[in-house]
Amino acid sequence: MKLKITAGDQEFDAVLEVEKAPETCAAFIKKLPYDGQLVHVRWSGEGVWIPLGDYDFGVGYENHTSHPAPGHFILYPGGISETEILLAYGGVDFSSKMGQLAGNHFITITSNLDKLPALGEACLWKGAQTIRFEKA
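Here the residue numbering is sequential within each chain, running from 1 through the sequence in written order. Local features in this predicted model are restricted to residues of pLDDT 70 or higher, and side-chain atom pairs are both shown and tallied only at a pLDDT of 80 or more, whereas totals for entire chains, interfaces and linings draw on every residue. The side-chain numbers reported here are obtained from all heavy atoms of the structure, hydrogens and water having been left aside.

Peer 1: Explain the pairing of strand β11 (residues 129–135) here, please?
Peer 2: Looking along a regular strand, one sees side chains alternate from face to face of the sheet. Sheet topology places strand β1 (residues 2–7) next to β11; 5 bridges connect them, and they run antiparallel. The residue of β11 that forms the bridge with Thr6 is Arg132. The pairing of strand β3 (residues 34–40) with β11 spans 5 bridges and is classified as antiparallel. Opposite Gly36, over in β11, you have Ile131 as the bridge partner. Note on pairing: two strands pair once DSSP finds at least 2 bridges between them. Runs of H or I in DSSP of at least four residues are treated as helices and runs of E of at least two as strands, each being numbered from the N terminus.

Peer 1: Looking at this structure, I do not really get the packing of aromatic side chains. What am I missing?
Peer 2: The description of two aromatic rings rests on the distance between their centres and on the angle between their planes. For this analysis, a ring pair means two rings from Phe, Tyr or Trp (six-membered ring only for Trp) whose centres lie within 6.5 Å, classed as stacked if their planes differ by under 30 degrees, edge-to-face if by over 60, and tilted for the remaining angles. Evaluated as defined, the whole model comprises 7 aromatic pairs. Judged by centre distance (5.1 Å) and plane angle (85°), the rings of Phe28 and Phe133 are edge-to-face. Residue Phe28 is found in helix α1 (residues 22–29), and its partner Phe133 is found in strand β11; the two are separated by 105 residues along the sequence. Pair check on accessibility: Phe28 and Phe133 agree, each one buried. Ring centres of Tyr34 and Phe133 lie 6.2 Å apart, and the angle between their planes is 50°; on these two criteria the pair is classed as tilted. In this pair, Tyr34 sits in strand β3 while Phe133 sits in strand β11, placing the two residues 99 residues apart along the sequence. Exposure categories follow from relative accessible area, calculated using a 1.4 Å probe and restricted to protein chains: below 20% of the type maximum is buried, above 50% is exposed, and the middle band is partly exposed.

Peer 1: Help me out: how do you make sense of unusual backbone geometry in this one?
Peer 2: Trans is the common state for peptide bonds, and a negative phi is the common state for residues other than glycine. Put simply, Leu32 and Pro33 share a cis peptide bond, and its omega is -10°. Inspection of the secondary structure puts Pro33 in the loop between α1 and β3. With phi around 60°, Asn112 is a residue other than glycine that occupies positive phi space. For Asn112, the location among the structural elements is in the loop between β10 (103–109) and α2 (116–126).

Peer 1: Mind showing me how you'd approach the pattern of salt bridges here?
Peer 2: As a working rule, side chains carrying opposite charge can pair if their charged atoms are close by. Any carboxyl oxygen of Asp or Glu that lies within 4 Å of a side-chain nitrogen of Lys or Arg is treated as forming a salt bridge with it. The final tally for this structure, using the stated rule, is 3 salt bridges. The residue Glu11 makes a salt bridge to Lys4 at a minimum N-O spacing of 3.8 Å. A salt bridge links Glu134 to Arg132, with the shortest nitrogen-to-oxygen separation between them at 3.7 Å. The class for Glu134 is partly exposed, based on a relative accessible area of 23%. Overall, Arg132 belongs to the partly exposed group, its relative accessible area being 28%. One salt-bridge network, in which partners are shared between bridges, spans Asp35, Arg132 and Glu134.

Next comes the structure, spelled out in structure tokens:
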């Protein structure tokens, strides 16, 4: 499934990784269109995240990683830290104040990857940026 993502003043095309993370994708599809706020990560490096508190997507680990590539969205389903969605725009070692975490890689950006650093810098220096996920 293809997605359109608008984050800050940037637009991206993306795909849901349905074959690699079917349960995570199914849970996220139910939320579409989804609007949130991106903030810069505190512990993980060059990434931005959507804090989701104690929200339960009802999924466990699948296709999980601690080192998403630029343009990869991962969902941390909660546990030792709060639930979150993280987007890598550069090097990421996914962590929290509790230690290293892993999240389910479920969305991959397929266009405008060169615009990701500008999005990350906007979150870092200007504060929270809006994000919207919708079916393309």
